Amino acid sequence: MSFSSDDSDDDVPPPPPPPPPAPSAGKGQQRAPSAVAEEELEIQMTPTLESLMHRNAVDKAEGDQEVEINLENAAPSRGLESTAEKDESGDEAPSSGRKKKGLLAILGLLLIGGGVTALVLTVGKGTGGKESEANGGESEANGEGSQPPVATPTSPGDTNEEIAMYVLGQNLPSDSFAALSTEGTPQSDALNWVLTEDEFVYDWSGLSADPIDEEAQMDFVQRYVSATLYLGTDGASWNNNKNWMGRTNVCTWYGVGCDGASLGESVATEEDAAPTTNGTRSLQDGAGVITSLVLHQNKLNGRLPSDLSALSKLESVEMHQNRLRGEIPASYFTLPRLRVLFLDANRLDGTISSDFGKLTNLVRLSLNDNRFSGTIPSEFGGLANLAMLWLFNNPDVTGEIPVELANLSKLEALALFNMDLVGQIPSEFGNLQNLKILKVENNNLDGDVPTELYSITSLEVLGVAGNANLTGTLIGIQGLPNLKELYIGDTNMTGPIPNAIAGTSLEIFLAPNANLVRSIPTSIGLLTNLMSIDVSKNTLTGPLPSEIGQLSKLENLVAFGNELTAAIPSEIGGLTSVKNVDFSVNKFSNATGLPSEIGLLASCTALKFHDAGIGGSVPSEIGNMVSLVTLDLSTNVITGQIPTEIGLLADTLRELVLFENQMTGAIATEIGLLTELRILHLRANSFDSAIPTELGALTRLVLLHLEMNRLTGAIPSSIGQMTALKEVNIGKNFLMSPMPTEISQLNLLQYLYVNDNRFDGQIPDEITQLTGLIELNLQNNYWNGTIPTDISALTDLEVLLLNNNKRRGGAGIEGALPESLGSLGSLVDFDASGNSITGEIPSTMSDATDLETLILLDNLMGGRVPRALCDLGADIQVDCTVDCLEGCCTNYNCTV
């Protein structure tokens with residue numbers, strides 16, 4: 001979106017990305033699909049940039065003064081080491097005119113000649129201490145035992161150090177100036193760099209002139225402040241620090257814009273900063289005033305230095321998406337020209353200061369995605385030029401939305417979602433006739449959505465979702481002809497979708513769980529720009545209007561969890577752009593199924609009609625949906641066979657879910673062509689063939705569910721090729737032995753259910769090689785022989801079901817329980833009832849300390865339940881032939 005103002009033609013730097021729809025996690029907030037995400041916001045509304053003006057020096061030391069001399073606690077300051085002053089061996093090179101000096105020791109007595117009264121810089125030795133958030137440093141500027149430096153006027157003959165201190169004293173906020181006395185602060189290090197390392201040629205004579213040369217002062221202050229920012233935010237680790245701390249003018253440093261330019265690096269050359277023959281620098285590179293700092297997504301790590309306020313012509317600060325922490329320095333609220341401040345996506349904390357009200361030229365402010373707390377200051381209401389205010393994703397900001405925000409007549413974007421706001425949306429917001437974006441999702445707001453909002457004809461985005469106690473209706477929505485995005489899900493709003501919704505320009509309409517009632521209006525077909533609609537979990541009734549087929553731009557169509565009836569209209573084939581269709585849990589007619597026109601949805605990736613009431617058969621045209629990834633038609637009354645055309649989806653289909661229908665015949669061998677398939681779920685149908693050998697080609701299949709059908713024959717040996725399988729359920733069929741030895745190759749298998757079939761013989765040793773098994777269900781078969789002793793290899797096993805294999809006169813599982821069962825340290829449930837197991841319960845069973853259920857009924861066992869096993873507190877059920885200690889277990893099958 002591009003926004004413009006009637007009173008300005010000048011561009012301002014683009015804003016950070018617009019606020020996304022609030023996430024589906026937490027409070028149930030909905031999200032628009034990526035294909036229809038909010039487009040980047042551009043606001044062009046600031047007044048024309050002021051012409052470049054030289055600063056007038058302000059002498060803070062008025063009149064002659066005398067200060068007591070005190071050098072007792074003076075200490076040297078740590079400076080930056082210059083690699084240029086070392087020879088190849090690493091030793092110090094001869095003096096080069098830039099000799100490093102101990103800064104704090106030099107800041108002592110300043111002797112001023114020519115009849116001027118002597119002034120003294122009193123310096124105390126810093127104690128370190130906690131980090132000063134105002135200075136952006138790691139030490140407290142005025143710790144115990146330290147005193148701030150004092151700036152003194154300059155005169156001919158003063159040293160560069162003395163001149164520097166005087167100039168900084170006139171330009172820096174007090175906390176930053178005080179930090180010069182503490183070793184290791186960015187301020188101390190920056191000044192050391194200026195005096196001993198910087199190759200830039202400063203005009204020291206101009207700095208000491210009376211009056212001071214303003215261009216010389218500007219150069220000095222801008223380089224010092226920029227160095228403080230660099231050193232205080234780990235500039236050496238920035239993503240891009242091109243030209244920073246180099247000899248070129250600061251206007252050539254990456255991200256620094258001068259004289260209204262957004263960036264300054266484009267004119268940086270070595271020649272631009274070289275001294276001329278008369279000892280002054282070249283001005284080819286544009287010796288301008290810093291007006292913008294654009295350093296977003298650049299890995300700035302540290303605290304914001306308050307020194308930035310010395311850049312009094314700053315108009316734009318864009319430092320979003322970094323690692324800045326601490327509070328916003330109070331000195332920032334003295335920047336008279338600041339129009340753009342982007343500090344979002346950092347780690348800033350503290351309260352949002354009421355002093356923001358002093359930034360009267362502010363046009364755009366983004367503080368979202370930080371760690372602010374407190375309330376939204378009402379002083380924002382005095383920022384007459386404010387067009388964008390983003391505070392979202394600060395979950396500790398609470399309180400009510402200030403009604404004073406309604407005074408912001410130029411406001412175009414207000415984003416306050418994912419916070420902890422309470423109270424009502426001010427009805428006075430109806431006065432914001434330039435508002436284009438209003439997003440207050442996922443708060444604790446209550447009351448009605450003000451109908452006054454429906455009179456803001458400029459509104460393009462309205463989001464109130466995720467406020468469970470928010471009430472109201474959509475009646476009057478036609479008053480928003482420019483509305484493109486509407487988010488009302490997970491609220492207590494109610495009423496129908498009005499026919500008048502066609503009077504909007506909706507592209508995204510997300511209203512899940514919004515208490516919507518009645519039918520979907522036929523006028524929905526007039527929203528020809530609609531790209532996403534989600535009306536799931538409401539109480540919508542009646543048929544799906546055939547006019548839905550007119551939405552040729554629709555990509556996301558979700559209406560699950562309603563009471564839609566009648567047949568699915570054939571016009572659904574007109575949704576040629578749709579990617580996601582979900583009509584699960586509805587009451588469509590079971591007399592008909594999917595129309596053949598469904599095959600026209602060639603862009604569709606997900607088609608879901610779970611528990612939708614549909615009947616009929618799966619149309620063969622399903623094979624034309626060449627983009628399909630997920631097909632879920634489960635829990636319906638679909639009949640017939642799986643169409644062979646399903647094999648045409650070999651390149652895309654990953655989930656084929658048809659369980660709980662009335663499908664018959666053979667499982668289509670063409671399913672073996674679906675080599676991208678991850679899930680095959682055919683449970684509870686009436687398929688009556690053998691398991692196709694072709695399924696072995698599904699080498700990426702993770703979940704195979706074929707239970708509760710009428711499958712016959714043996715498990716094909718090709719199952720060994722399906723090495724990605726984690727879950728196999730083929731229970732409740734008519735399958736029989738032999739179990740293929742190749743099953744041992746399923747190294748990732750965690751769940752194996754072959755219960756309620758006709759398997760017989762010894763339990764295969766190959767099963768004990770599936771060492772990742774968590775659940776193993778072999779019950780209700782005809783197994784015999786003994787339990788393999790190698791069962792101990794299944795150390796992750798939690799559920800082992802061997803019960804009821806003594807069927808049709810067979811003996812079932814025989815022999816004693818192996819001692820190795822005690823090695824199953826994760827075992828929770830063990831059922832071996834209904835067999836012919838003999839002997840006693842092994843004492844090693846007490847090693848299975850997670851055991852909760854042990855059922856050994858209807859066997860031939862004797863002896864006594866081990867005391868240590870009783871101490872586990874498990875539910876132990878045994879026959880009366882086993883001595884059950886009092887309070888330990890329960891005897892069954894006892895005779896009188």
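Relevant structure appears above.
Residues numbered from 1 in each chain as written. Predicted model: local features only at pLDDT ≥ 70, side-chain atom pairs only at ≥ 80, totals over all residues. Heavy atoms only, no water.

Trainee: What is the right way to look at the overall build of the protein in this model?
Mentor: On a plain count of helices and strands, the protein comes out with 7 helices and 53 strands. For the protein, the proportion of its 896 residues judged to be buried stands at 56%. Taking as baseline every contact in the protein between residues at least 6 positions apart, the subset at least 24 positions apart corresponds to 57%. By element, 47% of the accessible surface of the protein is carried by carbon and sulfur atoms, the whole surface being about 34,600 Å². (Helix = DSSP H or I, 4+ residues; strand = E, 2+ residues; numbered from the N terminus. Buried < 20%, exposed > 50% of the residue type's maximum accessible area, 1.4 Å probe, protein only. Contact = heavy atoms within 4.5 Å. Areas by Shrake-Rupley, 256 points an atom, 1.4 Å probe, with all protein chains shown as cover.)

Trainee: Help me understand helix α6 (residues 214-232) in this model?
Mentor: One turn of the α-helix equals 3.6 residues, which is why residues spaced by three or four share an orientation. Across its 19 residues, α6 extends 26 Å between first and last C-alpha, which sits within 8% of the 27 Å expected from 1.5 Å per residue. Counting buried residues in α6 gives 17 out of 19 residues, a clear majority hidden from the surface. Trailing α6 by a residue or two, D234 shows a phi angle of about 55°, which is positive. (Expected span 1.5 Å × (residues − 1).)

Trainee: Looking at this structure, I do not really get a negative patch on the surface. What am I missing?
Mentor: Taken together, the side chains of D796, E798, D850 and E852 make up a negatively charged region of the molecular surface. As for its position among the elements, E798 is in the loop between β45 (782-784) and β46 (799-801). The exposure class assigned to E798 is partly exposed, which follows from its relative accessible area of 36%. (Patch = residues over 30% accessible without salt bridge, like charges linked within 9 Å, V, L, I, M, F, W, Y side chains within 5 Å. Salt bridge = Lys/Arg side-chain N within 4 Å of Asp/Glu carboxyl O. Lys, Arg positive; Asp, Glu negative; His and termini not counted. Charge placed at Lys NZ, Arg CZ, Asp CG, Glu CD.)

Trainee: Even after reading the chapter, I still don't get the packing of helix α2 (residues 160-171) against α6, so can you show me in this structure?
Mentor: For the pair α2 and α6, interaxial distance at closest approach is 11 Å and the crossing angle is 80°. Between α2 and α6, the angle is such that the two are roughly perpendicular. Where α2 approaches α6, its residues A164, V167, L168 and N171 are matched on the opposing element by Q217, F220, V221 and Y224. Class assignment for the residues of the contact of α2 with α6 results in 6 nonpolar, 2 polar and no charged. (Axes fitted to C-alpha atoms, helices over the stretch in contact; angles between N-to-C directions. Parallel < 35°, antiparallel > 145°, perpendicular 65-115°, else oblique. Nonpolar A, V, L, I, M, F, W, Y, C, P; charged D, E, K, R; others polar.)

Trainee: Explanation requested: the sheet that holds strand β33 (residues 639-640) in the structure shown.
Mentor: Pairing between the strands of a sheet is mediated by backbone hydrogen bonds and can be parallel or antiparallel. Spatially, the 3 strands line up as an open sheet ordered β33-β35-β37, and their pairing is parallel. Each of the sheet's edge strands pairs with one partner strand only, and the pair in question is β33 and β37 (686-687). Relative to β37, strand β35 (residues 662-665) is paired through 2 bridges, and the arrangement is parallel. Note that in β37 the partner of G665 across the bridge is F687. (Pairing = 2+ DSSP bridges.)

Trainee: Teacher, can you tell me more about the sheet that holds strand β9 (residues 323-326) here?
Mentor: Read across the open sheet, the 8 strands follow the order β7-β9-β11-β13-β15-β17-β19-β21; overall the sheet is parallel. Because the sheet does not close on itself, it has two edges, and the strands there are β7 (301-303) and β21 (469-471). Between one strand axis and the next, the sheet turns by 20° as a mean value, whatever way the strands run. Note that β7 and β9 share 3 bridges and pair parallel. The residue bridging R303 from the neighbouring strand is R325, located in β9.

Trainee: Honestly, the environment of N624 in this entry has me stumped. Any pointers?
Mentor: Note that N624 resides in the loop between β31 (606-608) and β32 (630-632). Once the C-alpha coordinates of N624 and L649 are considered, the two residues, 25 residues apart in sequence, prove to be 8.0 Å apart. Contacts of N624, omitting those with residues within four sequence positions, involve G599 and A602.

Trainee: Can you walk me through the nonpolar core in this structure?
Mentor: Judged by nonpolar contacts, the single largest core of 217 residues is most densely connected at F220, M319, F509, L607, F609, I671 and F830. Looking at this core, the element that brings in the most residues is α6, giving 8 residues. Excluding residues within four positions of it along the chain, I671 makes contact with I642, I646, L656, L677, L680, L695 and L698. Judged by nonpolar contacts, the second largest core, of 14 residues, contains V340, A413, F417 and Y487. (Core = buried A, V, L, I, M, F, W, Y, C linked by side-chain atoms within 4.5 Å.)

Trainee: Is there a simple way to think about the packing of aromatic side chains in this case?
Mentor: In this structure the tally under the stated criterion is 17 aromatic pairs. Between the aromatic rings of W238 and W244, the centroid separation amounts to 4.9 Å while the plane-to-plane angle is 80°, which identifies the pairing as edge-to-face. On the accessibility criterion, W244 (6% relative accessible area) is buried. In this arrangement the basic side chain of K439 is found over the ring face of Y487, its NZ or CZ atom lying 4.4 Å from the centre. Just above the ring of Y782 sits the side chain of R807; from NZ or CZ to the centre is 4.8 Å. (Phe/Tyr/Trp six-rings, centres within 6.5 Å; stacked < 30°, edge-to-face > 60°. Lys NZ or Arg CZ within 6 Å of the ring centre and 35° of its normal.)

Trainee: Got a minute to help me understand the pattern of salt bridges in this structure?
Mentor: Two side chains carrying opposite charge are able to pair once their charged atoms lie near each other. Overall, the coordinates contain 11 salt bridges when judged by the stated rule. Here R223 makes a salt bridge to D198, at a shortest N to O gap of 2.8 Å. Of this pair, R223 sits in helix α6 while D198 sits in the loop between α4 (186-196) and α5 (204-208), placing them 25 residues apart in sequence. Judged by relative accessible area, R223 falls into the buried class, the value being 1%. Close ionic contact of K806 with D858 constitutes a salt bridge, the shortest N to O distance being 3.3 Å. In this pair, K806 is assigned in the loop between β46 and β47 (814-816) and D858 in the loop between β50 (853-855) and β51 (860-861), connecting sequence segments 52 residues apart. The class for D858 is partly exposed, based on a relative accessible area of 38%. One salt-bridge network, held together by shared partners, links E660, R683 and E707.

Trainee: Where do I start with the side chain of E507 in this structure?
Mentor: Structurally, E507 can be placed in the loop between β23 (495-496) and β24 (508-510). Among buried Asp, Glu, Lys and Arg side chains, E507 stands out as unpaired, with K484 the closest opposite charge at 4.7 Å. In this structure E507 touches K484, N529, L530, M531 and S532, once residues within four positions along its chain are discounted.

Trainee: What's the story with the pairing of strand β49 (residues 836-839) in this structure? I'm lost.
Mentor: Across a regular strand the side chains alternate sides, sitting on one face of the sheet and then on the other. Pairing of β47 with β49, which is carried by 3 bridges, proceeds in the parallel orientation. For A816, the partnering residue across the bridge sits in β49 and is T838. Relative to β51, β49 runs parallel, the two sharing 2 bridges. Residue pairing for β51: T838 is matched across the bridge by L860.

As far as function goes, none of this settles anything; it's purely spatial.
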